[in-house]
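Structural overview for review
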Amino acid sequence: MGKSTSAVTLAAHFAGRGRALLVDADERLRSAWNWTTKKEDYAGWGFEVQLYSAFMEQKNPGEGYDFIILDTKGGEGAGELVALARNSSLLIIPTKPDGVSADGLVATLQPLLEKGVTNYRVLLTDVPPAPNADGLDMRLELDTAGIPLFGHSIRHAVAVSKAAREGICVRDVRGDRYAKLVWMDYELVSREVLNHVK
Ligand SMILES: Nc1ncnc2c1ncn2[C@@H]1O[C@H](COP(=O)(O)OP(=O)(O)O)[C@@H](O)[C@H]1O
Ligand SMILES: [Mg+2]
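Residues numbered from 1 in each chain as written. Chains lettered and ligands numbered in written order. Predicted model: local features only at pLDDT ≥ 70, side-chain atom pairs only at ≥ 80, totals over all residues. Heavy atoms only, no water.

Points about the layout of surface pockets
- When its volume is computed, the largest pocket comes out at roughly 1,300 Å³.
- Around the largest pocket, the lining comprises 41 residues; the ones closest to its centre are Leu-70, Thr-72, Leu-90, Leu-91 and Ile-92.
- Those elements that provide at least two residues to the lining of the largest pocket are α1 (3–14), α3 (52–57), β3 (67–71), α4 (78–86), β4 (91–95), α5 (103–114) and α8 (177–197).
- Looking at the lining of the largest pocket residue by residue, the class counts come to 25 nonpolar, ten polar and six charged. (1 Å grid on protein atoms, 1.4 Å probe; cavity = no way out; pocket = protein on both sides within 12 Å on 5 of 7 lines; lining within 4 Å. Points joined across faces, edges and corners; volume = space filled by probe spheres on them. Helix = DSSP H or I, 4+ residues; strand = E, 2+ residues; numbered from the N terminus. Nonpolar A, V, L, I, M, F, W, Y, C, P; charged D, E, K, R; others polar.)

As for the sheet that holds β3
- Across the sheet, which stays open at both edges, the three strands sit in the order β2-β1-β3 with parallel pairing between neighbours. Only two strands of the sheet have a single partner each, and these edge strands are β2 (48–51) and β3. Shown here is a sheet whose adjacent strand axes are inclined to one another by a mean of 20 degrees, direction ignored. (Pairing = 2+ DSSP bridges. Axes fitted to C-alpha atoms, helices over the stretch in contact; angles between N-to-C directions.)

A look at α5
- Over its twelve residues, α5 extends 16 Å from the first C-alpha to the last, a length consistent with the 16 Å expected when each residue adds 1.5 Å.
- Leu-105, Val-106, Leu-109, Pro-111 and Leu-112 are the residues of α5 that are buried.
- Summarising the contacts, the buried residues of α5 are in contact with α4, β4, β5 (120–124) and α6 (134–144).
- Positive backbone phi, at 80 degrees, marks Gly-116, one or two positions downstream of α5. (Expected span 1.5 Å × (residues − 1). Buried < 20%, exposed > 50% of the residue type's maximum accessible area, 1.4 Å probe, protein only. Contact = heavy atoms within 4.5 Å.)

Dropping the structure here:
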C-alpha cells in the first residue's frame, strides 16, 4: 500500500531534476491520474501524466523523458515482479507495516533474489509514529531475510490523503506541518533512488 501516493510524490520530486512522466497502469482505479488531473488550474506538478494504454499506443513510448514513473495495480506475482524489475532501472515496492509478520512479503520477493534480480527496494510507507514500532519491526524482519530496503521510510501523515482529495502535491498542503515532513521523507527517498540508478 502507498503505491500511487509514492508514484505521484516521487514524480513531483523527479520533475525538479529533469523531464518526468508519470504513467498510470492501474486503469481501473486511475488513482494517480485522477489525483494529478483533478485541479485544472494547478501548476504544481511539473511532470506529465499518461494512462498506460495511451502510453503504449505511441510509436516510441517514453522517448525524451529523463524519468518515467510507472504506477502499477499491485498484487503482482513473482513472475510479473521479475519482468517489471528487468524492464526498469529500479522497482520500488511500497509496503505499509501493519504489525503482522512480513513472511508473506518475504515469500513474494524470494523469487527475485533467486533469479538474481537486485534492482528493487522495499519502501516502508504510512509508518506510524513512535512509540509504535511496526515500522522498525518490519525493517528488521525484511533486513534479516536479505530483502533490500530504502534507508528512509515514509511517515504516516493525513496530509497525503488531503492532497489527493484536493488534487495537489502534498508539498502544497497548507496548515499541516506534517505535509512538509512527509514531502521531505519522499525527498530523501528520491535521493536514494537517484543514487541507485545513476
Ligand atoms: N504516508 C501516508 N500517510 C497517511 N496515509 C497514507 C500514506 N500513504 C498512503 N496513504 C493512504 O493510504 C491509502 C492508499 O494509498 P495509495 O497510495 O492509493 O496506495 P495503493 O496505490 O498502493 O493502493 C490512501 O487513502 C492514501 O491516502
Ligand atoms: Mg494505487
